[in-house]
Amino acid sequence: MTARVSRLANGLRIATDAIQTVDTVSLGIWVDVGTRHEPAAINGAAHFLEHMAFKGTERRSARAIAEEIEAVGGHLNAYTSRESTAYYAKALKEDMALALDILADILQHSTFDPQELERERTVILQEIGQANDTPDDIIFDHFQECAYPEQAMGRPVLGRPEIIRGLARDAVVAYLRDHYGARQMVLAAAGNLEHERLVDLADKLLSGLPAERSVSTEPARYAGGDWREDRDLEQLHLVLGFPGVTLGDPDYYAASVLSTAFGGGMSSRLFQEIREKRGLVYAIHSFVHGYRDGGLFGIYAGTGEDEAAELVPALCEEAMKLQDGLSAIELRRAKAQMKAGLLMSLESTSARCEQLAQHLLIYGTPFDPPEVVRRIEAVDDAAIRRVVSRWCSAPPTVAALGPLSRLEDYDKLQARLAA
């Protein structure tokens, strides 16, 4: 992987990863703002804006946007996260200019037609409703809010229904105007392309972007705690979590290796002990969420009402065992899984494009797979123990949704983890 980076006069970075053996190009514009940059009163505005970008510009209707890209077999999409927003496309190599033209158009010339906005408001409310009807999805929002209560990092990406219903067009337009500056953006592309041509196209299509926007957010402050909702479901959905590491922390890759060994596959401790040996769950995994100034390490499990009483003590027991570190075999296996996942992802132009953009946004340097492999290889048992030791620095976070009758209370669970 050989990345090249250029910068326009307005500060927009253009990063490319040329792959001459494919016939496609994946490209997109990543913006270094997301849900955590919204004021509480307009929670959901970043996601609403992402939706509205596809609903018509000064020279394209919403239908025309869809038809133009699909007429050449390409596709467009977007997503909003807590710290960034992305608008991206994939097309055949000869249609790269069209894809970029559409992306540039929707980011600079969207009309925010009032009728389209009202229709999209309904769509987003349906999206929130669907998430609320999907317990193994919405439980992670509740976990996030419980870990980071009453602050930007804890708010839901989709927003809250009561806010979305009243969110004014002017507020969505103002969010774009106040937060989308070229210096907060990266145009990334991977595939069969020429770097200089993409830079020339970007100069023609995106040089009019304002250079700088004042973007700020409150610091992430992990608090932990307990959230529960008794709901008539077949399964109890449970997330148990701890303070994690930031994206720039020297132990970030150690946390990822730990998560892989602990709950990252069928050979992991959690899968083997909790599912295979004890039969307490159908689904179980661990995860790492890293942010600029915070992080989470968590365990998700779905279990029956009767099994909940045995599940929580078993999870706490397995978590406490990690204070003794991983075995040499576990450490080698987890590293191999991570390296294979990384190298396999390089076979996808979409993955390479996103990795390139995100790395530039977060670290200011191009994505370097050999360096990532070196950092994975450097993880040792001492680093694993350092990650686990952070769990003792703050209360755990518990989020539970479903039948709660046999789920032990928070104080007892916390005492198990302090033993």
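Residues numbered from 1 in each chain as written. Predicted model: local features only at pLDDT ≥ 70, side-chain atom pairs only at ≥ 80, totals over all residues. Heavy atoms only, no water.

Draft legend 1. Inspection of helix H15 (residues 381-389) at higher detail. Regarding H15, the residues found buried are Ala383, Ile384, Val387 and Val388. Projection of H15 onto a plane perpendicular to its axis shows the buried side chains occupying an angular sector of 140°, all on one side. Close packing links the buried residues of H15 with helix H9 (252-263) and helix H12 (328-345). (Buried < 20%, exposed > 50% of the residue type's maximum accessible area, 1.4 Å probe, protein only. Helix = DSSP H or I, 4+ residues; strand = E, 2+ residues; numbered from the N terminus. Arc of directions from axis to C-beta. Contact = heavy atoms within 4.5 Å.)

Draft legend 2. Representation of the sheet that holds strand E3 (residues 24-31) in the model. Within the open sheet, the six strands sit side by side as E1-E2-E6-E3-E5-E4. Their pairing is mixed. Looking at the sheet topology across the chains shown, the edges are occupied by strand E1 (3-7) and strand E4 (75-80). Here the average twist between neighbouring strands, direction ignored, is 15°. Alignment of E3 against strand E6 (residues 185-191), held across seven bridges, turns out to be antiparallel. Bridged to Val25 within E6 is Gly191. Together, E1, strand E2 (13-18), E3 and E6 form the strand contacts of helix H8 (residues 195-206), whose direction differs from that of E2 by roughly 150°. (Pairing = 2+ DSSP bridges. Axes fitted to C-alpha atoms, helices over the stretch in contact; angles between N-to-C directions.)

Draft legend 3. How the structure looks around the pairing of E6. Burial analysis of E6 places seven of its seven residues in the buried class, the great majority of the element. What you see with E6 is no split at all: Met185, Leu187, Ala189 and Gly191 on one side and Val186, Ala188 and Ala190 on the other are buried throughout. In terms of strand pairing, E2 meets E6 through six bridges, oriented parallel. Among the inter-strand pairings, Ile14 is bridged to a residue of E6, identified as Leu187.

Draft legend 4. Region of the structure containing the environment of Pro219. Looking at the secondary structure, you find Pro219 in the loop between H8 and strand E7 (225-230). Each C-alpha atom of the pair Pro219 and Trp30 lies 22 Å from the other, and the pair is 189 residues apart in sequence. Ignoring anything within four residues of it in the chain, the contact list for Pro219 reads Arg36, Gln151 and Asp293.

Draft legend 5. Here's a closer look at the packing of helix H1 (residues 45-52) against helix H7 (residues 169-179). Remark: H1 packs on H7, axes separated minimally by 9 Å, with the N-to-C direction vectors making an angle of 90°. In this view, H1 runs roughly perpendicular relative to H7, as classed from their interaxial angle. Residues Ala45, Ala46, Phe48 and Leu49 of H1 lie in contact with H7, whose contacting residues are Val172, Tyr175 and Leu176. Counted by class, the contact of H1 with H7 contains seven nonpolar, no polar and no charged residues. (Parallel < 35°, antiparallel > 145°, perpendicular 65-115°, else oblique. Nonpolar A, V, L, I, M, F, W, Y, C, P; charged D, E, K, R; others polar.)

Draft legend 6. Seen up close, helix H13 (residues 349-363). Taking 1.5 Å of rise per residue, 15 residues should cover 21 Å, and H13 covers 21 Å from first to last C-alpha, within 8% of that figure. Where H13 is concerned, the buried positions are Thr349, Arg352, Cys353, Leu356, Ala357, Gln358, His359, Leu360 and Leu361. Among the residues trailing H13, Gly364 stands out with phi positive, at a value near 80°. (Expected span 1.5 Å × (residues − 1).)

Draft legend 7. Region of interest: the layout of surface pockets. As a volume, the largest pocket reaches approximately 1400 Å³. Lining the largest pocket are 43 residues, and of these Leu247, Tyr252, Val288, His289 and Gly290 lie nearest its centre. With seven residues, the top contributor of residues to the lining of the largest pocket is H13. In terms of residue class, the lining of the largest pocket is made up of 19 nonpolar, 15 polar and nine charged. What the second largest pocket holds in volume is close to 270 Å³. Forming the walls of the second largest pocket are 18 residues, and the residues nearest its centre are Asn132, Ile138, His142, Pro156 and Arg160. Contributions of two or more residues to the lining of the second largest pocket are made by helix H4 (114-132), helix H5 (135-147) and helix H6 (161-166). No other element matches H5, which puts four residues into the lining of the second largest pocket. (1 Å grid on protein atoms, 1.4 Å probe; cavity = no way out; pocket = protein on both sides within 12 Å on 5 of 7 lines; lining within 4 Å. Points joined across faces, edges and corners; volume = space filled by probe spheres on them.)

Scope: geometric values only; no functional claims are made or implied.
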